[in-house]
Amino acid sequence: MKALSKVNGSTIAIIATALLTAIGSEIKIMPYEQAPFRFGLGSIIFFIAVLIRTVPIMTTGIITGFTVVLFRSLLDSLLYKQFFINAFIEHFPAAFFYFSFAVCLYIFNIEKYKTKPFTLGLMASLFEVISNSIEQLFTTLFVTRIPISAEEIFLLITIALLRSFFVVGLYSSIIITENKKQVQQLLNIGSNLYVETLYLQKSMNQIEQITASSFDLYKQLTNTHSDLSIKALIIAQEIHEVKKDQQRIFAGLSNIVENKQSDYYLMSDLLSLVSEANQKYSELLKKNIQFHVLLNEDFHTHAHIQLLAVLNNLVANAVEAIEIEGAITISIDMKAQETKIIIEDNGIGIPKHSLPVIFDPGFTSKFNEKGEPSTGIGLSHVQAIVTKLNGHINVESNKTTKFTISIPTNML
């Protein structure tokens, strides 16, 4: 089924490329009065299509070439009352452009050069010159009988360069945008995994304590209640098995998180990810929130997973604290010894009596539509992350709510 689906998808892509190229080729300029030779959008559409979607290049080139010729011939027959056979003869050289271009792309395996924009642009320009020259040769031999001039050759080369580098630039911008989205998704996944490892580690410590308590109970009951002591021992053993399972999960998650921490990221990039993600979150909640990002000095950090987890949590809380419209400021002041991170919002604020306990596990002021409280572990995890970075976090809530995080710069 997967193979059939792949074949159907490839066929649809080839047909769509051929039809769009044929239609796009009618948006054109014709620099030569004596010949039907043209420069249109068709070749641009064809080239960008084979770059974006991996298709059989030779098959796509052949089908596209025939489609373009048939489309132009039918248009001339219908609009200009020209005999179809005459229109076909006049336009058939165009098919050789797409045949030749596809052959060049196939021979030189264009896939290898997709990550090298300048080389790709130069190669595409050369392929265009070759393909246009072949098309012009067939036009001269079978349609106009007029040889190509030096001026026309210069025009071919100029347009080939402009058109090829335009396509490569457009393709590169698409790829960069997609890569940025993928990086954002991976970083968010990494930060979520990091938080989960903290939660799992805390759970493992609790399980260790429960196991020890169960075993102590077993020893106390051994001499007085043998039946109960056996049950206590079984409970201790089962809890121990749960602990071993969690240890395996923890080890796997830790490896993933540690691998993600091997890279360095610019702080400005992280702040951009946080502001963009939470801007979308605020729009989802139908809130009008202005985000302000202040950074006194850009720098690379290896603690991007931890910072992203902290920033996303605090900024998302700020978004939820704003009722309809407001502003959130994320500022980072990097100094040689210490770096301060401040997240400030003008939302509803935090009651004074809650300030001393907001970092306690289980504390929450959030309830869903059914009146059920949230887990209340977000801020406790934030504090745990900051503590692991040898830092500390404070909160103030007056006219605005401000979380201030101080971390030794060498930890970042």
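For the structure, see preceding data.
Residues numbered from 1 in each chain as written. Predicted model: local features only at pLDDT ≥ 70, side-chain atom pairs only at ≥ 80, totals over all residues. Heavy atoms only, no water.

Student: Could you give me a rundown of the sheet that holds strand 4 (residues 288-295), with the residues and numbers involved?
Tutor: With mixed pairing, 5 strands are arranged side by side in an open sheet as 4-6-7-9-8. Both edges of this open sheet fall to strand 4 and strand 8 (392-397), since each of them pairs with a single strand only. Recorded for the sheet is a direction-independent mean angle of 10° between the axes of neighbouring strands. Relative to strand 9 (residues 401-408), strand 7 (residues 338-345) is paired through 8 bridges, and the arrangement is antiparallel. Counterpart to K340 in the pairing with strand 9 is S406. On the sheet, helix 9 (residues 267-284) packs against strand 4 and strand 6 (325-334) and is oriented at approximately 175° with respect to strand 4. Contacts between helix 10 (residues 304-321) and the sheet are confined to strand 4, strand 6, strand 7, strand 8 and strand 9, with strand 7 contributing the most and set at about 20° to the helix. (Pairing = 2+ DSSP bridges. Helix = DSSP H or I, 4+ residues; strand = E, 2+ residues; numbered from the N terminus. Axes fitted to C-alpha atoms, helices over the stretch in contact; angles between N-to-C directions. Contact = heavy atoms within 4.5 Å.)

Student: Quick rundown of the packing of aromatic side chains? Include the residues and the values.
Tutor: Counted under the stated rule, the structure contains 15 aromatic pairs. Between F46 and Y98 the ring centres are 5.5 Å apart and the planes differ by 75°, which places this aromatic pair in the edge-to-face class. Of this pair, F46 sits in helix 2 (residues 42-52) while Y98 sits in helix 5 (residues 93-107), placing them 52 residues apart in sequence. Given a relative accessible area of 0%, F46 falls into the buried group. Here a set of aromatic residues connected by ring pairs shows up, and it is made of F66, F92, F96, F99, F138 and F142. (Phe/Tyr/Trp six-rings, centres within 6.5 Å; stacked < 30°, edge-to-face > 60°. Buried < 20%, exposed > 50% of the residue type's maximum accessible area, 1.4 Å probe, protein only.)

Student: Which residues make up helix 2, and what values go with them?
Tutor: Among the 11 residues in helix 2, 9 count as buried, and that is most of the element. Along helix 2, the positions that sit buried rather than exposed are G42, S43, I44, F46, F47, I48, A49, V50 and L51.

Student: A description of the side chain of S406 should follow, citing residues and the corresponding values.
Tutor: Its place among the elements puts S406 in strand 9. Discounting residues that sit within four places of it in the chain, S406 has contacts with E338, T339, K340, G391 and H392.

Student: How would you explain the pattern of salt bridges if you had to name every residue and give the values?
Tutor: For the structure shown, the criterion picks out 2 salt bridges. Of the charged contacts, one joins E128 and R163 as a salt bridge, the two residues approaching to 2.6 Å between their closest N and O atoms. With a gap of 35 residues between them, E128 in helix 6 (residues 117-144) and R163 in helix 7 (residues 150-221) connect regions that are remote in the sequence. Per residue, the accessibility class of E128 equals that of R163, and both read buried. The partner of K335 in a salt bridge is D333, and the shortest N-O contact between them spans 3.4 Å. (Salt bridge = Lys/Arg side-chain N within 4 Å of Asp/Glu carboxyl O.)

Student: Describe the packing of helix 5 against helix 6, listing the residues and the values that go with them.
Tutor: For the pair helix 5 and helix 6, interaxial distance at closest approach is 8 Å and the crossing angle is 150°. Viewed along their axes, helix 5 and helix 6 adopt a mutual orientation that is roughly antiparallel. Considering how the two elements wind past one another, helix 5 and helix 6 form a crossing that is right-handed. Residues P93, A94, F96, F97, S100, F101, C104 and L105 of helix 5 form the contact with helix 6, whose participating residues are A124, F127, E128, I130, S131, N132, I134, E135, F138, T139 and V143. Taken together, the residues of the contact of helix 5 with helix 6 break down into 13 nonpolar, 4 polar and 2 charged. (Parallel < 35°, antiparallel > 145°, perpendicular 65-115°, else oblique. Left-handed = near helix turned anticlockwise from the far one by under 90°. Nonpolar A, V, L, I, M, F, W, Y, C, P; charged D, E, K, R; others polar.)

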